[in-house]
Every structure is written in structure tokens, then in C-alpha cells.
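So you can see what is in the structure, the chains are spelled out below.
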Amino acid sequence: MSKKIIFFDVDGTLVDVRPVKECIPESTIQAVHETRKKGNLCYLCTGRSLAEIYPYILDVGFDGIIGAGGGFVQMGDEMLYHKKVSGQLPTT
């Protein structure tokens, strides 16, 4: 059997935003764990910046992150890409 890569959006997909406090359902956490046990890779893929991916989300256990709408890519503990916003104001 071949490995698969599954990408998880955060808001409204991985994280249930309907309750007063956002949370990840326990069933979702277990599904991610079972998927990884089968040798598949699980990545977060979100518009959130790394600072907005709170520890309770990362604690689920993912193989990598594509964050900030593609402006940040991490595989394991290795940062592969990080596009920072320039501190320069545009000139007209």
C-alpha cells in the first residue's frame, strides 16, 4: 500500500468554530492519529500564520505545516520556506 498525504484546513474543518471556544473534536484527533499510524502523512494547510496555530492544534501531531496562505512551509521540524513581509513602504 502506498502512503498518502492528507492536508487539513484549520478553521471550520479541523477546528470546530461553532462553540463559544474553538476546539478540535476528540474523534478528529483520533482520526489523525490512526491515519498517521497507517503510514500516511498529515499536514496542516491554512491561511493562519504560525503564531495563530495555537499549541492545542499542533499537539494533535502533524508531519508538517503549510501556513500563512503558502508563505510558510515546514516539514517536521525543518522550515523549508518563510516569506516575510517587507518592512519597506511602497513608493509611488
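Residues numbered from 1 in each chain as written. Predicted model: local features only at pLDDT ≥ 70, side-chain atom pairs only at ≥ 80, totals over all residues. Heavy atoms only, no water.

Draft legend 1. Local environment of a nonpolar patch on the surface. Where nonpolar side chains cluster on the molecular surface, the patch consists of Met75, Leu80 and Tyr81 and spans about 300 Å² of accessible area. Within the secondary structure, Tyr81 sits in strand β5 (residues 78-82). (Patch = residues over 30% accessible without salt bridge, like charges linked within 9 Å, V, L, I, M, F, W, Y side chains within 5 Å. Areas by Shrake-Rupley, 256 points an atom, 1.4 Å probe, with all protein chains shown as cover. Salt bridge = Lys/Arg side-chain N within 4 Å of Asp/Glu carboxyl O. Helix = DSSP H or I, 4+ residues; strand = E, 2+ residues; numbered from the N terminus.)

Draft legend 2. Fine view of the pairing of β5. Note that strand β4 (residues 72-75) and β5 share four bridges and pair antiparallel. Each bridged residue has a counterpart across the sheet, and for Gln74 the counterpart in β5 is Met79. The turn joining β4 and β5, which pair antiparallel and follow one another in sequence, is formed by two residues; a positive phi near 65° is taken by Gly76. (Pairing = 2+ DSSP bridges.)

Draft legend 3. Molecular detail of the nonpolar core. Counting residues in each nonpolar core, the largest one holds 15 residues, and the members touching the most others are Phe8, Leu14, Ile24, Leu44, Ile57 and Phe62. The set of elements that each furnish at least two residues to this core consists of α1 (26-37) and β2 (41-45). In this view, Phe8 contacts Leu14, Val32, Cys42, Tyr43, Leu44, Cys45 and Phe62; residues no more than four positions away in its chain are not counted. (Core = buried A, V, L, I, M, F, W, Y, C linked by side-chain atoms within 4.5 Å. Buried < 20%, exposed > 50% of the residue type's maximum accessible area, 1.4 Å probe, protein only. Contact = heavy atoms within 4.5 Å.)

Draft legend 4. Local environment of the sheet that holds strand β3 (residues 64-67). Read from one edge to the other, the open sheet built from five strands follows the order β1-β2-β3-β4-β5, with strand pairing classed as mixed. In this open sheet, the two strands that pair with only one neighbour each are β1 (5-8) and β5. The average angle at which neighbouring strand axes cross in this sheet is 20°, direction not considered. One ladder, built from three bridges, connects β2 with β3; its direction is parallel. Among the inter-strand pairings, Cys45 is bridged to a residue of β3, identified as Ile66. (Axes fitted to C-alpha atoms, helices over the stretch in contact; angles between N-to-C directions.)

Draft legend 5. Region of interest: the pairing of β2. Across four bridges, β1 lies against β2 in parallel orientation. Paired with Phe8 across the strands is Leu44, a residue of β2.

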